[in-house]
Amino acid sequence: MTIPQLHQLFLASNGVCTDTRKIKQNSIFFALKGDNFNGNIYAKKALELGVTFAIIDEIEYNISQKCILVDDVLKTLQDLASYHREYLDIPVIALTGSNGKTTTKELINAVLSSQFKTTATLGNLNNHIGVPLTLLSMTKDTEIGIVEMGANHIGEIRFLSTIAKPDYGYITNIGKAHLEGFGSIEGVLKGKTELYDYLKKQNKLVFLNIDDHKLLDASQGVNTYTFSKSDNSDAIIKVIDVNPNVIVSYQDTTIKTNLIGEYNFTNIAAAITIGSFFNITADQIKVAIESYIPNNNRSQIIKKQKHTIILDAYNANPTSMTAAISNFVQLKYKSKIMFLGDMFELGKESSLEHQKIVDEISKTKVSEIYLIGNIFFETKCNDPRVQRFRTFEELETNWNIKNNEDAILIKGSRGMKLERILDLL
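Bear in mind the structure is a predicted one, so any value in this text is a computation, not a measurement.

(A) Region of the structure containing the pattern of salt bridges. What the rule picks out here adds up to 19 salt bridges. With a closest N to O distance of 3.4 Å, Asp-57 and Lys-33 form a salt bridge. Of this pair, Asp-57 sits in the loop between β3 (53-56) and β4 (67-69) while Lys-33 is found in the loop between β2 (28-30) and α2 (43-48), placing the two residues 24 residues apart along the sequence. With a relative accessible area of 42%, Lys-33 lands in the partly exposed category. For the salt bridge of Glu-194 with Arg-158, the shortest nitrogen-to-oxygen distance reads 3.1 Å. Remark: Arg-158 occurs in helix α6 (residues 156-164) and Glu-194 occurs in helix α9 (residues 194-201); sequence separation between them is 36 residues. A relative accessible area of 47% places Arg-158 in the partly exposed class. One continuous salt-bridge network, built from bridges that share partners, spans Lys-33, Asp-57 and Glu-58.

Take a look at the structure:
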C-alpha cells in the first residue's frame, strides 16, 4: 500500500494509536517496536478493540484483511505524518533547545490560540515518534501547528525537520544538556542549530533572541524576526520584576505571569514575539500569558503548610540547575532550603558538573541544602549546611525538616522523582 492510499484510510479514520491501552474506536493501530516490546504482538487485540486497520511489519501477525503489512512500521508512521503535513499546507512552527522547550511551546500555544485554531505537541512528545503523532493530530481545522523537537544526538533535529517541514523555527537556548549524546557544548550547538540549517535552505524564518550571542552568531544568513531587551529588535520586551514571579513589559503593557525565575523571561519573550509576528495585539497577548499556569512539576509555586515551594523537578541539567539556584538565592525570604537531585545523561562530564554545582551552592547563604542521588553523594563538600543521600528513601528515613516559614527549591532530573518530597513536608 502506498502512503497516499494509507492517507486516504487515515482521513476516514479516527486518528492513529500506538498503545492498545489507549485505543480509540475506528482508529488505525501502528504496531511499533521498542527495546522491550513488539507492537506486532498486539495487532490482534487492537482489532478486537475496534481499530479499523493494524499496520504491522512481521508477516506472522498478518491474520486479517484489516492488517496492512509494511516493511517498517515506524518509517511508515513517519512518512504518513510528513505526507499529512504537506496535505494540510498550514504554517508550522518548530522549536527546540536545551531548556524551556515545553514551557515555551505552551506559552506560544496560549498566545496564538487566542486568535487561531492551533494544534501543539502534547506534553513532551517531541522525538521520532512524538513528532509524527503531533503532525497526525492536526486536522483541516488547524490553522497553525506548533511542534516541539527534542534531541540528544547530532542529526536528530535535521531528521525531525524533514518530517515536520517547519515554516518557522525557534531555539530556546544552548546549554549543557544531553552531553552524553552530543559529546560537548559545541555538539549541542551543532545539533540544535540543525533547525536553522533546514530553515535557511528552505528560505524560511527564525525567531531569534539577539541577546543570545551563540544563537545570534549561528543564525547568520537566515531570515529572522528578533526580540531583545534593547531597542534594536523587532519586538522589545523588558523585565520589570522576578521576585518570585516574572513581570515583563511590552508595548507599554505590563504582563504579570505565573512563572518564576528570570530564566523564564526568554520563554515568555519568545511567545510575545511570535504573537506579535502573527498580529496578535498586546492586550490579547497579556490575557493569554497571564492565564497560563505552569504544571507538570515545571516552575510551579506551591504553598504548603508555611512553606513556599518552587517545584522544578521535571528535568535538570547543569545550565538549568545553575539558573534555578541563581534565581532562588535572590528571592527575598528569611530562610531557604534546597533539595537538589542528580542530573542525568552528562556522560564523562557528569562528576565534574555535579562538583561544580556543589562548589556553587557552598557560596550561597541558603540555610539548608540536601543533595539526593548517587552522583551528588560522591561529590566533595565540607559545608555543614550540606547533607547528602544516595537515594530518596534514605532522605525519607532521615527526614528532620521543621515546619518553619521557609522557601524551598526542589530541582532534579525526571528520574529522581523529587516531587515526592511534597508528601514529606
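(B) Region of the structure containing the UniProt feature "binding site: ATP" (unreviewed entry) in the protein. Mapped onto the present numbering, the UniProt feature "binding site: ATP" (unreviewed entry) falls on Gly-97, Ser-98, Asn-99, Gly-100, Lys-101, Thr-102 and Thr-103. Take Ser-98: it is sitting in the loop between β5 (92-96) and α4 (101-112). A relative accessible area of 9% places Ser-98 in the buried class. In this view, Ser-98 contacts Thr-172, Asn-173, Ile-174, Gly-175, Ala-177, Val-188, Lys-192 and Asn-317; residues no more than four positions away in its chain are not counted. Within the element layout of this structure, Asn-99 appears in the loop between β5 and α4.

(C) Structural view of the sheet that holds strand β12 (residues 245-250). Read across the open sheet, the 9 strands follow the order β6-β7-β5-β8-β9-β10-β11-β12-β13; overall the sheet is mixed. If you trace the sheet from one side to the other, it starts and ends with β6 (118-120) and β13 (253-260), each paired once. Within this sheet the neighbouring strands show an average axis-to-axis angle of 25°, counted without direction. In terms of strand pairing, β12 meets β13 through 5 bridges, oriented antiparallel. Across the sheet, Asn-245 pairs through a bridge with Ile-260, a residue of β13. Of the strands in this sheet, β5, β8 (168-171) and β9 (205-209) touch α9, which is tilted by about 160° from β8. Sheet contacts for helix α11 (residues 265-277): β5, β8, β9, β10 (223-228), β11 (235-242), β12 and β13; angle to β10, the most-contacted strand, approximately 130°.

(D) Fine view of the UniProt feature "domain: Mur ligase central" (unreviewed entry) in the protein. As recorded in UniProt, the feature "domain: Mur ligase central" (unreviewed entry) lies at residues 96-274. Helix makes up 36% of residues 96-274 and strand 26%, with an end-to-end C-alpha separation of 15 Å.

(E) Geometry of the packing of aromatic side chains. Evaluated as defined, the whole model comprises 12 aromatic pairs. Three or more aromatic residues joined by ring pairs form one cluster here, namely Phe-116, Tyr-168, Phe-207, Tyr-225, Phe-277 and Phe-278. The ring centre of Phe-265 lies 5.0 Å from the NZ or CZ of Lys-229, which sits over that ring. The positively charged end of Arg-420 is found above the aromatic ring belonging to Phe-392, 4.1 Å away from the centroid.

(F) Spatial organisation of the sheet that holds strand β16 (residues 335-341). Read across the open sheet, the 6 strands follow the order β14-β15-β19-β16-β17-β18; overall the sheet is mixed. Pairing within the sheet leaves two strands with one partner each, and these edge strands are β14 (300-304) and β18 (386-389). Adjacent strand axes in the sheet meet at a mean angle of 15°, parallel and antiparallel pairs treated alike. Pairing between strand β15 (residues 307-312) and strand β19 (residues 406-411): 5 bridges, direction parallel. Directly across from Ile-309, in β19, lies its bridge partner Ile-408. Packed onto the sheet, helix α13 (residues 318-330) meets β15, β16 and β19 and runs at close to 170° relative to β16.

(G) Region of the structure containing unusual backbone geometry. Phi is positive for Lys-165, which is not a glycine, with a value near 45°. Positionally, Lys-165 belongs in the loop between α6 and β8. One non-glycine residue with positive phi stands out, namely Gln-251, at about 50°. Within the secondary structure, Gln-251 sits in the loop between β12 and β13. When its relative accessible area of 54% is taken as the criterion, Gln-251 is described as exposed.

Cut-off values and rules
- Residues numbered from 1 in each chain as written.
- Predicted model: local features only at pLDDT ≥ 70, side-chain atom pairs only at ≥ 80, totals over all residues.
- Heavy atoms only, no water.
- Salt bridge = Lys/Arg side-chain N within 4 Å of Asp/Glu carboxyl O.
- Helix = DSSP H or I, 4+ residues; strand = E, 2+ residues; numbered from the N terminus.
- Buried < 20%, exposed > 50% of the residue type's maximum accessible area, 1.4 Å probe, protein only.
- UniProt positions renumbered as here; feature names shortened; annotations may be inferred.
- Contact = heavy atoms within 4.5 Å.
- Pairing = 2+ DSSP bridges.
- Axes fitted to C-alpha atoms, helices over the stretch in contact; angles between N-to-C directions.
- Phe/Tyr/Trp six-rings, centres within 6.5 Å; stacked < 30°, edge-to-face > 60°.
- Lys NZ or Arg CZ within 6 Å of the ring centre and 35° of its normal.

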